[in-house]
Amino acid sequence: MKRYSKLIIAAIIALIFIGTFVFLWQKSQPKEIVYNEFTPKTEDIQKTTIITGKIEPRNEVNVKPQISGIITDLYKEPGDYVNAGDVIAKVKVIPDMGSLSSAESRVRLAEINLQQAQVDYNREENLHNQKLVSDDEFDKSRQALRQAQEEKAAAIDALQVVRDGVSQSNAKASSTLIRSTISGVILDIPVKVGNSVILSNTFNDGTTIASVANMNDLIFRGNIDETEVGQLVNGMNMKITIGALQDLKFDASLEYISPKAVESNGANQFEIKAAVKLAEGGKIRSGYSANAEIVLAAASKVLSVPESAIEFSGDSTFVYVIKGEGKNKTYERTQVTTGLSDGVNIEIKKGLTAKDKVRGPEIITDDNEK
């Protein structure tokens, strides 16, 4: 029994030794190199670039008050459509005490002058009726009375404007009513009832009551790298894709290329603008992130091969043309003239025909799959 056990153990050891030897021998054998093979084909090649940016209205207007005061009423909300002249808010005037005092003093002075002019007129009228003064003298007193009356009315209007922001004579054009200056959609109302607002002047831009824009006239604004800007011309078509609405695509037309670069993340970029062509009834919100695809160059129905089959050597390009089949297969290094590339396929202008077959990159296999 012990003899049979020894024989079995010896056989197992021999099998392990032989198996190891065979495995190591197979691993030491040179592997057959297998390449991808491509046949040139005729197709359209386009070199495109993707520009990131956003959608915004061409003209966005900030509506600001003509007087300083406090917001007492807001009649509109963001998203509402307004026509030019529609009232958005109402402001209560907080008068400047110096201006108020001056306006009140002007009214009192106008009242004094009017009273004196009235006395002079009455006196001249009595004398004129008695034929003691000429018509010319009487007309002058009457004119002085009218001027005094007009001055008092103007002083009262000025006082009302300083105190209330509006006078009885110009109530329809009240500066306390903040009106939209254009027709469009209200994008934002950054103030609330009770907020203080100031008018625009030399030292201050003034408080924005509302931002209004025509949402039917939109543009795409983005930046393009300096290596590609030289291939752009005004009027080029672009395909716009809204980042938040992947199914929504529409056309745009390039209309502006900045003459000056701006530095962004260490690279020089140029701002571009394109007029957006919205579909009928399309609703786009201001500030949507968007991508614009623009064709920089195109070649129609040209012979092409995958760019991975091209060997670049200095200023020259080569391919390996397959000759023969099976064990007799060889690869002939052939110089070619290339053209436009889209990053995947490249145009072959000279050196290949549609009947040729070229070698691609080596096929890498996993040894475990064998």
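Residues numbered from 1 in each chain as written. Predicted model: local features only at pLDDT ≥ 70, side-chain atom pairs only at ≥ 80, totals over all residues. Heavy atoms only, no water.

A few words on the packing of aromatic side chains. Taken as a whole, this structure holds 1 aromatic pair when the rule is applied. Positioned above the aromatic ring of Tyr331, the side-chain terminus of Arg359 is 5.0 Å from the ring centre. (Phe/Tyr/Trp six-rings, centres within 6.5 Å; stacked < 30°, edge-to-face > 60°. Lys NZ or Arg CZ within 6 Å of the ring centre and 35° of its normal.)

Further remarks concern the pattern of salt bridges. Applying the stated rule across the entire model yields 12 salt bridges. Residue Glu255 pairs with Arg58 through a salt bridge whose shortest N-O separation is 2.5 Å. In this pair, Glu255 is assigned in strand S13 (residues 245-264) and Arg58 in the loop between strand S2 (41-57) and strand S3 (60-63), connecting sequence segments 197 residues apart. Glu255 gets classed as partly exposed once you look at its relative accessible area, which sits at 33%. We note a salt bridge from Asp136 to Lys140, for which the minimum N-O separation is 3.7 Å. On the criterion of helical spacing, the pair formed by Asp136 and Lys140 is a turn pair, its members being 4 residues apart in helix H3 (residues 135-164). Residues joined by salt bridges that share partners form a network here, namely Glu56, Arg221 and Glu271. (Salt bridge = Lys/Arg side-chain N within 4 Å of Asp/Glu carboxyl O. Helix = DSSP H or I, 4+ residues; strand = E, 2+ residues; numbered from the N terminus. Buried < 20%, exposed > 50% of the residue type's maximum accessible area, 1.4 Å probe, protein only.)

Going residue by residue along strand S10 (residues 210-213), you find Ala210 and Val212 tucked away on one face and Ser211 and Ala213 tucked away on the opposite face as well. Taken together, the 4 bridges between S3 and S10 define a ladder with antiparallel strand orientation. Looking at the pairing, Val63 lines up with Ala210 of S10. In the sheet, strand S8 (residues 184-188) pairs with S10 via 3 bridges, with the strands oriented antiparallel. From the neighbouring strand, Ile186 faces S10, where its bridge partner is Val212. (Pairing = 2+ DSSP bridges.)

Moving on, we get to the sheet that holds strand S6 (residues 87-93). Taken together, the 4 strands give an open sheet; going across it, the order is S7-S6-S4-S9, and neighbouring strands pair in antiparallel fashion. Only two strands of the sheet have a single neighbouring strand rather than two, namely strand S7 (177-179) and strand S9 (196-197). Note that strand S4 (residues 69-74) and S9 share 2 bridges and pair antiparallel. When the bridges of S9 are listed, Gly69 appears paired with Val197.

With that out of the way, let us pick up the environment of Leu248. Checked against the element boundaries, Leu248 lands in strand S13. For the pair formed by Leu248 and Ile284, sequence separation is 36 residues and the distance between their alpha carbons is 9.9 Å. Apart from the residues lying within four places of it in its own chain, the contact partners of Leu248 are Ile240, Thr241, Ile242 and Ile284. (Contact = heavy atoms within 4.5 Å.)

Looking now at the sheet that holds S8. Ordered in space as S3-S10-S8-S5, the 4 strands form an open sheet in which the pairing is antiparallel. Strands at the two margins of the open sheet, each flanked by one partner only, are S3 and strand S5 (81-82).

The biggest cluster of nonpolar side chains holds 25 residues, and the ones touching the most others in it are Ile51, Ile55, Phe220, Leu232, Met238, Ile240 and Ile272. Taken together, the elements giving at least two residues each to this core come down to S2, strand S11 (218-225), strand S12 (237-242), S13, strand S14 (267-277) and strand S15 (289-306). Beyond its immediate stretch of four places on either side in the chain, Leu232 contacts Ile224, Leu254, Ile257, Ile272, Ile294 and Leu296. Residues Ile88, Ile178, Ile186 and Val191 belong to the second largest nonpolar core, which totals 16 residues. (Core = buried A, V, L, I, M, F, W, Y, C linked by side-chain atoms within 4.5 Å.)

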